[in-house]
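So the chains spell out like this:
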Amino acid sequence: MTYLEWKTLKKSNVGKKQRRVIDFEYQNPQTAKDYKKRMDEEKKKRSEILQITDTMTRHKAISENMALFGR
């Protein structure tokens, strides 16, 4: 399972999808740990970008990091 697949399934509330995530994390603990770390780093980076007070600078940072914002 790729990081993007895992991330999408992780956000879901559907039981089957959650079960797939649980099974994957159980079978691949190191990969799951790496994915969780990567997700936390993305959240931190997204938070830092959104805290930029200057609108133009913030918009530029968002456009340079569109993947963090789901686009």
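Note that K7 resides in helix α1 (residues 3-11). On the accessibility criterion, K7 (12% relative accessible area) is buried. A distance of 2.8 Å separates polar atoms of two side chains, one belonging to K7 and the other to E42. In this structure, K7 is in contact with M39, E42 and A67, ignoring residues within four places of it in sequence.

Here we come to the side chain of E25. Residue position: E25 is located in helix α2 (residues 15-27). Exposure remark for E25: the relative accessible area of 15% places this residue in the buried category. The residues touching E25, leaving out its near neighbours within four places in the chain, are W6, K10, A32 and K36.

This paragraph deals with the nonpolar core. Of all hydrophobic cores here, the largest spans 7 residues; its members are Y3, W6, L9, V21, F24, Y35 and M39. Listing elements by their share of this core, those giving two or more residues are α1, α2 and α3 (29-50). Considering each element in turn, this core owes the most residues, 3 residues, to α1. The contact partners of Y3, leaving out residues within four places of it in the chain, are Y35, R38, M39 and E42.

Right, let's get into α2. With 13 residues, α2 should reach 18 Å at 1.5 Å per residue; the first-to-last C-alpha distance of 18 Å fits that figure. Among all positions in α2, only V21, F24 and E25 are buried. Along the long axis of α2, the arc covered by the buried residues comes to 95°, so they all point the same way. More than 90 degrees from the buried face of α2, the exposed residues found are G15, K16, Y26 and Q27. Of the surrounding elements, those touching the buried residues of α2 are α1 and α3.

In this section: the confidence of the model for the protein. Close inspection of predicted coordinates is inappropriate for parts of the model with low pLDDT. Put simply, the protein has an average pLDDT of 93, and 99% of its residues get 70 or more. The least confident element of the protein, judged by mean pLDDT, is α1 at 91; the most confident is α3 at 95.

Another aspect to go through is the packing of α1 against α2. Helix-helix packing: each pair is described by the crossing angle between the helix axes and the interaxial distance. In the contact formed by α1 and α2, the axes pass within 8 Å of each other and the chain directions differ by 130°. Put simply, α1 runs oblique to α2. Note that α1 runs across α2; the crossing there is left-handed. Across the interface between the two elements, W6, L9 and K10 from α1 touch K17, Q18, R20, V21, F24 and E25 from α2. Here the residues of the contact of α1 with α2 are counted per class, giving 4 nonpolar, 1 polar and 4 charged.

Calculation rules
- Residues numbered from 1 in each chain as written.
- Predicted model: local features only at pLDDT ≥ 70, side-chain atom pairs only at ≥ 80, totals over all residues.
- Heavy atoms only, no water.
- Helix = DSSP H or I, 4+ residues; strand = E, 2+ residues; numbered from the N terminus.
- Buried < 20%, exposed > 50% of the residue type's maximum accessible area, 1.4 Å probe, protein only.
- Polar contact = N/O pair within 3.5 Å; in protein donor to acceptor, adjacent residues only side chain to side chain.
- Contact = heavy atoms within 4.5 Å.
- Core = buried A, V, L, I, M, F, W, Y, C linked by side-chain atoms within 4.5 Å.
- Expected span 1.5 Å × (residues − 1).
- Arc of directions from axis to C-beta.
- pLDDT = per-residue confidence, 0-100.
- Axes fitted to C-alpha atoms, helices over the stretch in contact; angles between N-to-C directions.
- Parallel < 35°, antiparallel > 145°, perpendicular 65-115°, else oblique.
- Left-handed = near helix turned anticlockwise from the far one by under 90°.
- Nonpolar A, V, L, I, M, F, W, Y, C, P; charged D, E, K, R; others polar.

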